[in-house]
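Commentary on secondary and tertiary structure
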Amino acid sequence: MSIDICKVIELPKITDPRGNLTFVESGRQIPFDISRVYYLYDVPGGAERGGHAHKALSQLIVAMSGSFDVVLNDGYNSKRVHLNRSYNGLYVCPMIWRELDNFSSGAVCMVLASNFYDEDDYYRNYDDFTVAAGVRK
Ligand code: TYD
């Protein structure tokens, strides 16, 4: 899959003087049904997360608080996306190598995922990923 498919989706935002509200509905604002939610928090300065690709999993990555970068790589091209708004979500399609870094203090990274956790869905080795992606033999 190409990193061009991975885009920042602007989620609905109900602005209100009492505080704003954003929502995500399974299969509506995002192109998959949600089976799992997980989040990263208390990330120490300088830490890197990710460093893997998924065979079949689709995800939406949201900076619920603070900011961080997501580096996407399809084996041919890469791009760095800075997330810092809780009404934006980065859609990441299957077969994309991703790394998360540049976490601000207090950052919370929420991920909506299309499937339950399954270690067999991971490529944790970049060379294995590029072979599977057809980039090299
Ligand atoms: P991992 O996906 O490697 O984290 P990240 O990409 O954010 O750096 O997962 C880290 C550990 O947590 C690993 O042992 C698997 C476990 N884990 C679960 O048990 N369930 C989950 O939903 C996730 C995302 C991870």
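Scroll up to find the structure.
None of these values were measured; they are calculated from a predicted model.

Basis of the calculations
In this numbering scheme, every chain counts its residues from 1 along its sequence in written order. Under the rules for a predicted model, residues below a pLDDT of 70 receive no local features and side-chain atom pairs below 80 are neither given nor counted, while totals for whole chains, interfaces and linings still include all residues. Side-chain measures were taken over the full set of non-hydrogen atoms in the model, leaving aside hydrogen atoms and water. Each pair of strands is called paired provided DSSP finds at least two bridges between the two strands. Numbered from the N terminus, helices here are DSSP runs of H or I no shorter than four residues, and strands are runs of E no shorter than two. We call a residue near a given molecule or strand whenever any one of its heavy atoms falls within 4 Å of it. What qualifies as a polar contact is a pair of N or O atoms within 3.5 Å, subject to a donor-acceptor requirement within protein and to the restriction that residues adjacent in sequence count only when both atoms come from side chains. Accessibility throughout is a Shrake-Rupley quantity obtained with a 1.4 Å probe, and a residue counts as covered only by protein chains that appear here. When residues are sorted by character, Ala, Val, Leu, Ile, Met, Phe, Trp, Tyr, Cys and Pro go into the nonpolar class, Asp, Glu, Lys and Arg into the charged class, and all the rest, Gly among them, into the polar class. Note on exposure labels: buried denotes an accessible area under 20% of the residue type's maximum, exposed denotes more than 50%, and partly exposed covers the range between, all computed with a 1.4 Å probe on protein chains only. Only four residue types enter the charge count, namely Lys and Arg as positive and Asp and Glu as negative; His and the chain termini do not. One side-chain nitrogen of Lys or Arg within 4 Å of one carboxyl oxygen of Asp or Glu is enough to make a salt bridge. The criterion used for residue contact is that any of the two residues' heavy atoms lie within 4.5 Å.

1. Focus on the sheet that holds strand S10 (residues 97-101)
As summarised here, the arrangement of the five strands in space is S8-S7-S10-S5-S12, forming an open sheet in which the pairing is antiparallel. The sheet terminates laterally at strand S8 (78-83) and strand S12 (122-123), the two strands that pair on one side only. In terms of strand pairing, strand S5 (residues 49-54) meets S12 through two bridges, oriented antiparallel. Note that in S12 the partner of Ala53 across the bridge is Tyr123.

2. Considerations on the site of the ligand
Residues in close proximity to the ligand include Arg36, Tyr38, Leu40, Arg49, Gly50, His52, Tyr117, Tyr122 and Arg124, which together make up its full environment. A distance of 2.9 Å separates an oxygen atom of the ligand from a polar side-chain atom of Arg49. Here an oxygen atom of the ligand and a side-chain polar atom of Tyr122 are 2.6 Å apart. Summarising the interface, the protein chains cover 63% of the accessible area of the ligand, which totals 530 Å² for the free molecule. Looking at the shell around the ligand, the elements with two or more residues in it are strand S4 (36-40) and S5. By residue class, the composition of the shell around the ligand is four nonpolar, two polar and three charged.

3. Observations concerning the side chain of Arg98
Structurally, Arg98 is set in strand S10. For Arg98, which is buried and forms no salt bridge, the nearest opposite charge comes from Asp121, at a distance of 7.5 Å. The contacts of Arg98, once residues within four sequence positions are left out, are Gly50, Gly51, His52, Ala53, His54, Gln59, Val70, Val71, Leu72 and Val92.

4. Some points on the pairing of S5
Pairing between S5 and S10: three bridges, direction antiparallel. In the strand pairing of S10, Gly50 is matched with Glu99.

5. A short note on the pattern of salt bridges
In total, this model carries five salt bridges according to the counting rule given. Residues Arg28 and Glu25 are paired through a salt bridge, measuring 3.6 Å at the closest nitrogen-oxygen approach. The shortest N-O distance in the salt bridge between Asp101 and Arg80 comes to 2.7 Å. Separated by 21 residues along the polypeptide, Asp101 in strand S10 and Arg80 in strand S8 bring together distant segments of the chain. Exposure remark for Asp101: the relative accessible area of 15% places this residue in the buried category. Salt bridges sharing common partners tie together Asp69, Arg80 and Asp101.

Geometry only, nothing functional implied.
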